[in-house]
Structure formats: structure tokens, C-alpha cells
Amino acid sequence: MYDVAVIGLGAFGSHTLWQLAERGVKAVGLDQYPVVHPFGSSHGHTRLFRIACMEHIELGTVARRAAELWHGLEDHSGTPILNQVGAVTIGRPDSDYVKGAIATAAHHEVPIETYSADELASRFPAFENIDPDEIGVLDTSGGTVGAEASIASALGRARELGADVLGGGRVESIRRTAGSTFELGLSTGNTVRAKKIVLALGPWLANAVDIPGLEALFSPMNWWRIDEEPAAARAREVPGYRRRPAEAYRAPQLPGFIRRFDDMSIWGHGDVDGHGMKIGLSLNSKELHPIDPANFDRDIEPTRDWRNVARVARRAFPTLDPVPAASRVCMITTSPDDQFTIGQVGRDTGVYVAGTCHGHGFKHAAAIGEYLAQTVLGEARTVEPGIWDAERLPGFTDQLLETVFEKGSVFDPAGTRNLAGAPAGRDGTR
């Protein structure tokens with residue numbers, strides 16, 4: 001019998017298991033795939049890290065706490081996780097991105113540096129195609145976080161502290177016994193018993209509840225080659241652009257960035273560890289279309305999935321190759337108000353949730369794991385953002401509890417789809 005079972009071991013679930021284990025809780029982590037897998041929302045080598053978060057002013061303290069926890073985890077694991085090379089928000093001074101970053105930085109006393117277009121291009125030469133009326137706000141504590149590295153380190157530490165990690169077995173049934181114990185039937189034929197459960201389902205949360213604005217979105221990640229000679233050849237084709245050394249497109253010479261255009265937004269960072277320059281589209285892109293996470297085409301379709309990102313990437317960096325060197329499928333889970341959904345579900349139910357990452361959740365994962373562990377145990381919480389409660393979403397609590405207690409399956413509540421063993425598909429590499 002476990003005290004807590006964490007279902008789903010992506011960014012939120014793995015760090016919750018780690019923080020439960022740090023507190024001496026007898027806990028188990030379950031995932032339908034072998035752990036640290038590429039089938040959800042938590043893969044792709046890196047994620048952006050920012051403390052001056054433009055998404056909500058209360059998230060600054062969450063990101064700062066996440067950094068503290070990851071530094072401690074790095075000491076235990078010996079694996080680098082957080083690469084604080086800086087992260088810059090680019091846009092017009094009156095844009096929501098720029099105003100949000102500045103407001104969060106001021107509220108939490110986050111060190112920032114503000115640059116005009118010319119000053120930004122001088123500091124970071126890759127940003128030479130900035131409009132004169134744009135500015136850059138550099139969060140000097142920002143950068144990137146290792147995606148797989150942080151999950152593997154969190155699970156490794158959890159194991160060291162006595163937690164069990166069971167991958168490759170999907171939770172096919174949930175039953176609440178008369179003694180208020182959860183019996184979880186796995187696709188492997190095993191049964192896991194726990195007093196409480198944490199549902200860290202990632203995009204599969206969208207299959208467990210059906211409320212407007214909560215959906216799983218198809219969100220490709222893309223990498224560009226930064227070989228010097230091809231870039232130099234393309235530079236000769238672009239009037240007014242000088243040849244830049246390949247080093248200008250590697251971190252830390254090119255830090256993390258998010259840039260707000262009138263019609264679309266991008267995020268990315270310079271090459272880290274030879275993987276290439278990473279660029280993706282933000283949530284206002286039509287390419288991020290709704291999907292069923294259990295049943296969708298995982299192939300990259302160039303005419304569909306590269307068209308806008310390649311166009312906007314070359315608008316920002318004109319000497320880039322017209323198409324990415326590699327792409328991988330990822331998923332984002334949205335909420336009606338663009339915020340996460342973290343905490344207890346109902347009163348005295350023994351059910352907790354961590355979800356709706358909205359494409360910016362990974363940078364907070366360590367602090368979210370701590371928050372959930374403290375919530376499960378009734379401890380005082382280190383951070384208290386006040387924007388995550390499931391009760392704020394009409395219908396969410398009732399639907400999720402109905403899925404758990406009446407339908408008995410969080411992955412396939414209708415009982416009509418086979419979600420096990422979804423293939424990886426092709427990654428669109430070339």
C-alpha cells in the first residue's frame with residue numbers, strides 16, 4: 001500500500017514524485033510509457049526558462065523557486081539542468097509580452113536589462129532584424145532548462161529516497177474500495193493500491209474532462225542548422241545582411257527569446273549541445289490545432305507544420321535555411337484562462353491534479369512538484385500563487401471526479417479507444 005500514487009511522469013508528475021519522496025512519503029510513480037519518453041509534452045532536450053514571466057505577475061516567485069530546487073537537484077545528481085544564459089522578450093513597448101515581462105520583473109525584483117533595437121543587435125548579433133520601434137527586455141536569470149535531464153534527475157532522486165517508478169503500464173481502471181483506498185489496474189496486469197492519487201496526465205487530461213477551452217494541441221518543435229557556410233551563402237542573397245559566424249547562433253551568444261509580432265509569436269534559443277537553433281510557434285498560431293492525444297497522426301507534414309514557423313523564423317533571422325533541419329511532435333494542454341490547474345480536486349476526495357501547462361509550464365515544474373507535495377500532505381506551501389485552483393474552472397471538478405469515481409478510467413473514460421502503445425511516428429528529420 002502506497003500513501004500516494006502519481007499517475008503520469010512528465011514534467012509535473014516526475015517532480016511531484018521527487019518532492020513527495022523528499023518528505024519521506026511512500027509513493028509510486030506510474031506512466032503508460034517507459035519513463036522519459038517522447039510521446040507527451042515533456043521531451044525535446046530543452047525548454048525556455050524565465051523568471052520575468054509575462055504570462056502572469058504571480059509566476060515570478062514560482063519560477064524563482066523552481067530554479068532553487070533545480071540547483072539543489074543538480075548537486076545531488078551531478079547532471080546540469082538549468083542553463084541561465086539569459087532570456088530576452090522582444091516586442092513593441094506597448095505589447096502584452098513586453099509589458100508583462102517588465103511588470104513581473106518589477107514586482108519580484110528580477111534583474112532585467114532593457115535594450116533598443118540597435119543596442120540589442122549590438123549585444124546579440126543574431127538579433128539584427130529587429131524593427132526600430134521594438135525593444136528587448138533581457139531577464140538575466142533566464143535561459144533554458146534540460147527537459148529530459150530534469151525529469152531523469154527527479155526520478156533518479158525519488159528512487160534514491162525510496163519511491164517506486166513503474167513505466168510501461170497504463171492505468172486502465174480506478175476503483176475506490178470501501179476503505180477509501182484506490183485500486184489502480186495496470187495494463188501489465190498488476191494492481192497498485194494507494195491512499196491518494198495525483199493525476200499528472202499531461203495532454204490526456206483533455207480526454208478526462210470536456211469543458212470549453214481545455215484541449216490538447218498539436219505543437220511541433222523545430223531545430224535549424226547553424227552551419228556557417230550555408231548561412232553565409234544565404235546572407236549574400238539577403239540585401240543588407242552581414243555574414244555572421246555560426247557562434248552568433250549558439251547559446252549563450254544567442255540566449256532564450258520570445259518575440260511578439262503583430263500576427264504571430266515565436267520562442268526559441270541558440271544552439272545548445274549541438275542540437276541546433278530551436279524555434280517554435282506560440283499559442284496564437286493556427287498550426288497548433290486541437291488533437292486527441294491518444295489518436296492522432298504523429299508524422300510531421302511539411303506543408304502544414306513548417307509553413308508558418310519557417311516564414312516567421314526567417315523574418316526574425318533572415319539567413320536561416322528555408323526549412324528546419326529537424327522537427328518533433330509535442331503537445332500543449334490549454335485552459336480557458338491560460339493558467340495551470342494544480343491542487344486538490346474536491347474536498348476530502350484523495351484526488352489531486354497537475355495539468356493545463358499551456359505551453360509555459362515546464363519552467364515551473366520543480367516548484368509545482370513541491371506545491372503539490374505540500375498540498376497532499378497539508379503542509380504550509382512555499383509558493384502560493386492563487387491562480388491554479390481547479391474550482392475556478394466551471395464543471396472541471398465535477399467532471400474529473402465523475403471520470404475517476406464513476407467511469408473508473410482517466411485515459412479512456414468512454415471505454416471506446418485503445419490508447420496503449422501509441423507509436424512515435426517520424427520526427428521529420430532531414
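Residue indices begin from 1 for each chain and proceed along its sequence in written order. In keeping with the predicted nature of the model, local features appear solely for residues at pLDDT of at least 70, side-chain atom pairs appear and are counted solely at 80 or more, and the whole-chain, interface and lining totals rest on all residues. Note that the side-chain values use all heavy atoms of the structure and ignore hydrogens as well as water.

K.L.:
Any chance you could break down the layout of surface pockets for me, citing the residues and the numbers?
P.N.:
Detection works on a 1 Å grid of protein atoms alone, calling trapped sets that fit a 1.4 Å probe cavities and calling open sets with protein on both sides within 12 Å along at least five of seven lines pockets, with lining residues defined by an atom within 4 Å of a point. Grid points are joined across faces, edges and corners, and a volume is the space filled by probe spheres set on the points. Within this model, the second largest pocket holds a volume of roughly 190 Å³. Lining the second largest pocket are 13 residues, with Pro 80, Ile 81, Gly 146, Val 272 and Asp 273 sitting closest to its centre. Only runs of H or I of at least four residues qualify as helices and only runs of E of at least two qualify as strands under DSSP, and these elements are numbered from the N terminus. Looking at the lining of the second largest pocket, the elements with two or more residues in it are β4 (82-83), β8 (143-146) and α5 (147-160).

K.L.:
How would you summarise the side chain of His 360 if you had to cite specific residues and measurements?
P.N.:
Along the chain, His 360 turns up in the loop between β22 (351-355) and α10 (365-377). Categorising residues by exposure relies on relative accessible area from a 1.4 Å probe, with only protein chains included: less than 20% of the type maximum marks a residue as buried, more than 50% marks it as exposed, and the intermediate range marks it as partly exposed. You can call His 360 buried: its relative accessible area is 6%. One polar contact links the side chain of His 360 to the main-chain carbonyl oxygen of Asp 338, over a distance of 3.4 Å. The contact definition used throughout considers only heavy atoms, calling two residues in contact when any of these lie within 4.5 Å. Beyond its immediate stretch of four places on either side in the chain, His 360 contacts Glu 55, Leu 59, Asp 338, Gln 339 and Phe 340. In protein, a polar contact requires one atom able to donate a hydrogen and another able to accept it; more generally it is a pair of N or O atoms within 3.5 Å, and residues adjacent in sequence count only if both atoms are side-chain atoms.

K.L.:
If you had to explain the packing of helix α1 (residues 11-22) against α5 to someone new, which residues and values would you point to?
P.N.:
Under this scheme, a helix contributes an axis fitted over its contacting stretch, all axes are lines through C-alpha atoms, and angles between N-to-C directions fall in the 0 to 180 degree range. Across the interface, α1 lies against α5 with an axial gap of 8 Å and an inter-helix angle of 30 degrees. Considering their axes alone, α1 and α5 lie roughly parallel with respect to each other. The interaxial crossing formed by α1 with α5 has left-handed handedness. On the side of α1, the interface is formed by Ala 11, Ser 14, His 15, Leu 17, Trp 18, Ala 21 and Glu 22, while α5 contributes Ser 150, Ile 151, Ala 154, Leu 155, Arg 157 and Ala 158. Taken together, the residues of the contact of α1 with α5 sort by class into eight nonpolar, three polar and two charged. Roughly parallel means an angle under 35 degrees; roughly antiparallel means over 145; roughly perpendicular covers 65 to 115; every other angle is labelled oblique. Here is the rule for handedness: rotate from the far helix to the near one, and if that takes an anticlockwise turn smaller than a right angle the crossing is left-handed, while a clockwise turn gives right-handed. Under the scheme applied here, ten amino acids are nonpolar (Ala, Val, Leu, Ile, Met, Phe, Trp, Tyr, Cys and Pro), four are charged (Asp, Glu, Lys and Arg), and all others, including Gly, are polar.

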